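An overview of the molecular structure
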Number of protein chains: 2
Amino acid sequence: VGVFDADVHGPSIPRTLGLIGLQLYVKGENIIPVEGPLGVKVISVGFMLPDETVAVIWRGPLKTAYIRQALAMTEWGNLDYLLIDLPPGTGDEQLTIAQLISGLDGLLLVTLPNLLSEKIVAKAKVFAERLNVKILGVIENMSYFKCPDTGKIYYIFGKGGGLKLADEVEAPLLASIPIDPRITETMDKGKPFVLEYPNSEVSKIILETADKIIKLLESS
Amino acid sequence: VGVFDADVHGPSIPRTLGLIGLQLYVKGENIIPVEGPLGVKVISVGFMLPDETVAVIWRGPLKTAYIRQALAMTEWGNLDYLLIDLPPGTGDEQLTIAQLISGLDGLLLVTLPNLLSEKIVAKAKVFAERLNVKILGVIENMSYFKCPDTGKIYYIFGKGGGLKLADEVEAPLLASIPIDPRITETMDKGKPFVLEYPNSEVSKIILETADKIIKLLESS
């Protein structure tokens, strides 16, 4: 599996995978990805900066050139899957990826349960149609908070946005992921949640979602 | 007060202020802002689209041209304050605003309490220095969830990011805003939270923060 972090202003993959401080290296004409947990190969602008405080202050054409070059020069090896993490929006990053990669299997949309988020993510439908990319499915994040002391469920960011989005973009709702404070904890520590808390409800949902995505790709 | 929504891909101001379906109108060479609750004047790309489902699929140069033109053509009238809502990042939108508006009073940084978010927002320091803009202060959002049934506080997105960010960018922490499910509810309904729930803890914090910002601006 490869992960291409296409968020140049806010690259979050190096920290969440525990790869802070690592650098890419170049072999001849090729960029060698950084290897993360479970052998995941990662490319991120974060690996090209001296440290985490440095900002990449780039206008669109520079971002486009970076994405184009990084994708072309990376020696991924034999990948089963390449995941591309995009920043929010329908701008340079999204356009460049959609226009550059011809065999793109599709988009995964992530929304919060509220209407404000749902309406904005739903704009991806027009984008996907215009660029002829399939929407594979919808993931609703931060669906609810289950109080660890009482077991009571609180819909702190609204309710139903994932299902509504799935309906609007005509794709399946693949998962509703509840809030678990340990997700933030593991992301900050750079440990994959599913390895740290394999028996948690969230890990179960994440692994089931991965299975669903694999099945979707194999059947298409 | 004027609000310029500089997020062209995900304009959230029209919905949060209850202005969905309204359009800007042009008088001669000028754009007349839409008037929202309490007389706030609003410009958003959302007012130029036929409906909320339409995506603005623009690369950087188009976004720059839009921001430049919208700011130049808008007849704001006599404003005390102009707030500019920026999307995440340090790209075209941020650069255009910083380079275009010479008398910019400063930046307000909004972070979550977790380290991942804090590290990314801290990149604004380099941006602010490079462009000679002051960082006025830091607002930590989604600081904690106070269980309405037991009163117990849960730090569901980590703890301390706001203070850490304030320290790193050498600006005051202006507020730590707790999670209140009614915030999402009022945003989706397009009602200002402080008018709907004036006696809530969050309203008190928001109004105190506004006072702090006004004082900061008056003393600078």
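Residues numbered from 1 in each chain as written. Chains lettered and ligands numbered in written order. Predicted model: local features only at pLDDT ≥ 70, side-chain atom pairs only at ≥ 80, totals over all residues. Heavy atoms only, no water.

1. A short note on helix 2 (residues 60-73) of chain B
The condition that has to hold: Secondary structure elements are defined from DSSP: runs of H or I of at least 4 residues count as helices, runs of E of at least 2 residues count as strands, and each element is numbered from the N terminus. By this rule, a helix spans an expected 1.5 Å times one less than how many residues it contains. The buried label applies to any residue whose accessible area, calculated with a 1.4 Å probe on protein chains only, is under 20% of its type's maximum; exposed applies above 50%, and partly exposed to all values in between. To be clear, the arc concerns the directions from the helix axis to the C-beta atoms. By definition in these notes, contact holds between two residues if any of their heavy atoms fall within 4.5 Å.
For helix 2 of chain B, with 14 residues, the first-to-last C-alpha span of 20 Å sits near the 20 Å given by 1.5 Å per residue. If you check which residues of helix 2 of chain B are buried, you get G60(B), K63(B), T64(B), Y66(B), I67(B), A70(B) and L71(B). Buried residues of helix 2 of chain B fall within an arc of 160° about the axis and therefore sit on the same side. The secondary structure elements touched by the buried residues of helix 2 of chain B are helix 2 (60-73) and helix 3 (92-100) of chain A together with strand 1 (2-5), strand 3 (30-32), strand 5 (41-44) and helix 3 (92-100) of chain B.

2. Digging into the relation of the copies chain A and chain B
As a reminder of what qualifies: When the copies are superposed, the least-squares fit takes in the C-alpha atoms of residues with a pLDDT of at least 70 in both.
Once chain A is rotated about the relating axis by 180° and shifted along it by 0.0 Å, it coincides with chain B to within an RMSD of 0.0 Å. Each copy turns onto its partner about a two-fold axis. When each C-alpha of chain A is compared by its distance to the rotation axis, G60(A) comes out closest, at 2.2 Å.

3. Side note on the domain arrangement of chain A
Residue and element names in this part refer to chain A. Stated formally: Throughout, the edges of the domains are those of an automatic or database domain assignment. Defined in terms of a 1.4 Å probe, buried area is the accessible area two parts forfeit on being brought together, summed over both. Think of a salt bridge as a Lys or Arg side-chain nitrogen and an Asp or Glu carboxyl oxygen that are within 4 Å of each other. Counted as a polar contact is a pair of N or O atoms within 3.5 Å, where, for protein atoms, one must be capable of donating a hydrogen and the other of accepting one, and residues adjacent in sequence contribute only when both atoms are in side chains.
For chain A, the assigned domains are domain 1 (1-104) and domain 2 (107-220). Look at where the C-alpha atoms of domain 1 and domain 2 centre, and you get two points 22 Å apart. Each partner contributes residues to the interface: domain 1 has 13 residues there, and domain 2 has 12 residues. Where domain 1 abuts domain 2, roughly 1,000 Å² becomes buried across the two surfaces, and 78% of that area is made up of carbon and sulfur atoms. Counting the contacts that link domain 1 with domain 2 gives zero salt bridges. At the junction of domain 1 with domain 2, the criterion picks out two residue pairs in polar contact (both at pLDDT 80 or more). Within the residue set of the side of domain 1 that touches domain 2, elements represented by two or more residues are helix 1 (13-16) and helix 3. Sorting elements by how many residues they give to the side of domain 1 that touches domain 2 places helix 3 first, with four residues.

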